[in-house]
Amino acid sequence: MSRPEAEDVEVELFIRALQLRHGYDFSQYTRASFKRRVQNLVSSHGFATIGDLTARVLRDDAFLAPLVAGLSVPVSEMFRNPSVFQALRQEVFPLLASYPHLNVWQAGCAFGEEVYSLAILLEEAGLYDRTQIYATDFNDAALGRAQEGIFPLREARTYSENYLAAGGSGSLADYYHARYEHIKLDERLKRNITFANHNLVADGVFCEPHLILCRNVLIYFTDTLQNRVLGLFRDSLIRGGFLCLGNKETLDFAPVAKDFTAINQRARIFRLAARG
Amino acid sequence: MNAALSQVVALGCSAGGLQALRVVLGGLRPDFPAAVIVVSHTGSEDVEMLVSLLASHSKLKVVEATERRLLLSGTVHVAPSGYHLYVERDQRFSLSVDPKVCFVRPAIDVLFKSAADVFGARLAAVVMTGANDDGALGLQAVRAKGGYAIVQDPLDAQAAVMPAAALRVAGADVICPLGEIAAALNAWCA
């Protein structure tokens, strides 16, 4: 192959600078989408090159937060892929119902769309009062937004349709108030949600969950990091616990695949073997 | 590192794209050696349906482009809906749910740019019928890296906006009606 393009070298130097100076390790992110996000940051902040962006983040600590926010990917919607939530409700919740106490971990919660979706479904299944949901992300700005539970009003229609398609038993409007151009989710939904910073790249086993929801996060990771994170999920889950991944994500390439059984392959719901 | 693919074709289309894809894929010769990648905004939510529909009009194998799978020569890879599709340096696909580009996801621009980065002059990119500007900046990137650009003649396209935008922003090596695109690709791959 020919020598690398200057911009690809700049991406590697940017990653190295973030790691050395700030302790954030993006080295195991798939490069194509990461590069695109870095290029977007360069243009949205008016820099000429990725090198200029690197120089800024080395010397200006206040710039780190907006940078990290731009590098993480908080794009979701409530009840995204409704059939997945329906599968959770119909195939997983009945099995969870036998436990006196439930821990649910949503890893990579972005702005909280799916956390609140889960809370609503658990409420309707009569399980929420004995459930503790841990919603984690490495992006503090996203966590702050998730904690507020405020979403644009223009999304409400899609969310409502998704909710009904997911088998919701009432109307989504029962769970929010519309104000100005936003909807604010009912405070009561937050009563059993703990928002916490957890970085899948660096942090360890977490909270002995009965169910882990981690959708459209692994697609950003290289094989190495996917394997690490899936290992972390296996080691965190209780025996017989459930793992729900994104619709295009798979365990096929991972060493932990042998420890899981697909409950619903289409919805990407897997169950950890009773003995691991 | 996998053996480098010698040639890759990326096809982008939107409104009217299904018919365009049938014509182009149907016209590729049976031993077409390149890996083919398709981004079509008209694909239904159900990519499997689009895959089987295109398979029935193609002599080449048609599969969904799935994350971390290698691009295969002589195979058509179709982008799933709801995700941007990228090619990585190791010639495998990756996906993202990053924000829409040109109001669409998958965006043709996203695929074209990442494929141009990896394949340079070994890439041919085709912009066909469509009603928005997606693909124009991507085609510009393809040409900047030495790739080969084919644009459907806007006068021949069911929706002219997309090929017209591509020509305005990027220009092309070949401008031709839909019925001649497959022949141009067959010749490029000869």
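Given the structure is predicted, the values throughout are model-derived calculations rather than measurements.

## A short note on the overall build of chain A
Now for step 1: Along the backbone of chain A there are nine helices and 10 strands.
Now for step 2: For 276 residues, the compact-globule estimate of 2.2 N^0.38 gives 19 Å, and the C-alpha radius of gyration of chain A, at 20 Å, lies within 12% of that figure.
Now for step 3: With respect to the principal axes defined by its C-alpha atoms, chain A has extents near 55 × 50 × 30 Å.
Now for step 4: Nonlocal contacts in chain A, meaning residues at least 24 apart in sequence, comprise 76% of its contacts between residues at least 6 apart.

## Notes on the interface of chain B and chain A
Now for step 1: In this assembly, 30 residues from chain B lie in contact with 25 residues from chain A.
Now for step 2: When the two sides are added together, the surface that chain B and chain A hide from each other amounts to roughly 2300 Å², 45% of it contributed by carbon and sulfur.
Now for step 3: Contact with chain A buries surface across chain B, with Glu 67, Arg 68 and Val 97 of chain B losing the most and accounting together for 28% of the total.
Now for step 4: Where chain B packs against chain A, one counts nine salt bridges.
Now for step 5: Of the charged contacts, one joins Arg 37 of chain A and Asp 98 of chain B as a salt bridge, the two residues approaching to 2.8 Å between their closest N and O atoms.

## Details of helix α5 (residues 161-169) of chain B
All names here are of chain B.
Now for step 1: For α5, the set of buried residues is Met 162, Pro 163, Ala 165 and Ala 166. All buried residues of α5 fall inside an arc of 160° around its axis, so they share one side.
Now for step 2: Those residues of α5 that are buried are in contact with β1 (8-13), α3 (108-119), β7 (123-127), α4 (136-144) and β8 (148-152).

## As for the domain arrangement of chain A
Residue and element names in this part refer to chain A.
Now for step 1: For chain A, the assigned domains read domain 1 (6-71) and domain 2 (82-272).
Now for step 2: A straight line from the C-alpha centre of domain 1 to that of domain 2 covers 29 Å.
Now for step 3: Contact with domain 1, which involves 10 residues of that partner, is made by 11 residues of domain 2.
Now for step 4: Of the roughly 920 Å² buried at the junction of domain 1 and domain 2 (both faces included), carbon and sulfur atoms supply 60%.
Now for step 5: By the criterion of area lost to domain 2, the three top residues of domain 1 are Gln 28, Tyr 29 and Thr 30, representing 54% of everything that side buries.
Now for step 6: Counting across the interface, domain 1 meets domain 2 through two residue pairs in polar contact (both at pLDDT 80 or more).
Now for step 7: Taken together, the elements giving at least two residues each to the side of domain 1 that touches domain 2 come down to α2 (31-44) and α4 (64-71).
Now for step 8: Its residues assigned to classes, the side of domain 1 that touches domain 2 comprises five nonpolar, three polar and two charged.

## A look at the side chain of Arg 37 of chain A
Now for step 1: When you line up the elements, Arg 37 of chain A lands in helix α2.
Now for step 2: The buried category is assigned to Arg 37 of chain A, whose relative accessible area is 5%.

## Looking at the packing of aromatic side chains
Residue and element names in this part refer to chain A.
Now for step 1: If you walk through the whole model with that rule in mind, you get 19 aromatic pairs over all chains.
Now for step 2: Geometrically, the ring pair formed by Phe 14 and Phe 34 is tilted, given 6.3 Å between the ring centres and 40° between the ring planes. Here the residue Phe 14 occupies a position in helix α1 (residues 6-22), and Phe 34 occupies one in helix α2, the gap between them amounting to 20 residues.
Now for step 3: According to the relative accessible area criterion, Phe 34 is buried, its value standing at 0%.
Now for step 4: An aromatic cluster is built from Phe 14, Tyr 24, Phe 26, Tyr 29, Phe 34, Phe 138 and Phe 221, whose rings are joined through pairwise contacts.
Now for step 5: Sitting over the ring of Phe 63, Arg 56 keeps its end group 4.3 Å from the ring centre.

## Side note on unusual backbone geometry
Glycine aside, a negative phi is what most residues show, and trans is what most peptide bonds show.
Now for step 1: Looking along the chain, the bond that leaves Arg 105 of chain B and enters Pro 106 of chain B is cis, with omega of 10°.
Now for step 2: With respect to the secondary-structure elements, Pro 106 of chain B resides in the loop between β6 (93-96) and α3.
Now for step 3: A positive phi is found at Asn 81 of chain A, a non-glycine position, where the angle reads about 55°.
Now for step 4: In this structure, Asn 81 of chain A sits in the loop between α4 and α5 (82-96).

## Concerning the sheet that holds strand β5 (residues 182-185) of chain A
Two pairing modes exist for strands in a sheet, parallel and antiparallel, and in both the strands are linked by backbone hydrogen bonds.
All names here are of chain A.
Now for step 1: Spatial ordering of the open sheet is given by β3-β5-β4, a layout of three strands whose pairing is antiparallel. Two strands lie at the open edges of the sheet, namely β3 (150-152) and β4 (176-179), each paired on one side alone. Taking the axes of each pair of neighbouring strands and ignoring which way they run, one obtains an average angle of 25° across the sheet.
Now for step 2: Strand direction decides the pairing type here: β3 and β5, joined by three bridges, are antiparallel. Its bridge partner being in β5, Ile 150 is matched across the sheet by Lys 184.

## Points about the pairing of strand β2 (residues 131-137) of chain A
Residue and element names in this part refer to chain A.
Now for step 1: Most of β2 is tucked away, with six of its seven residues classed as buried.
Now for step 2: Bridge count between strand β1 (residues 102-107) and β2: six bridges; the pairing is parallel. Bridge assignment links Leu 102 to a residue of β2, and that residue is Thr 131.
Now for step 3: For the handedness criterion, the β-α-β arrangement of β1, helix α6 (residues 113-124) and β2 is classed as right-handed.
Now for step 4: Relative to strand β6 (residues 193-197), β2 runs parallel, the two sharing five bridges. Within β6, the position partnered with Thr 136 by the bridge is Ala 196.

Each value, and the rule that gives it
Residues numbered from 1 in each chain as written. Chains lettered and ligands numbered in written order. Predicted model: local features only at pLDDT ≥ 70, side-chain atom pairs only at ≥ 80, totals over all residues. Heavy atoms only, no water. Helix = DSSP H or I, 4+ residues; strand = E, 2+ residues; numbered from the N terminus. Rg over C-alpha atoms; globule rule 2.2 N^0.38 Å. Contact = heavy atoms within 4.5 Å. Buried area = accessible area lost by both parts, 1.4 Å probe. Salt bridge = Lys/Arg side-chain N within 4 Å of Asp/Glu carboxyl O. Buried < 20%, exposed > 50% of the residue type's maximum accessible area, 1.4 Å probe, protein only. Arc of directions from axis to C-beta. Domains from an automatic or database assignment. Polar contact = N/O pair within 3.5 Å; in protein donor to acceptor, adjacent residues only side chain to side chain. Nonpolar A, V, L, I, M, F, W, Y, C, P; charged D, E, K, R; others polar. Phe/Tyr/Trp six-rings, centres within 6.5 Å; stacked < 30°, edge-to-face > 60°. Lys NZ or Arg CZ within 6 Å of the ring centre and 35° of its normal. Pairing = 2+ DSSP bridges. Axes fitted to C-alpha atoms, helices over the stretch in contact; angles between N-to-C directions. Right-handed = clockwise from strand over helix to strand, strands pointing away.

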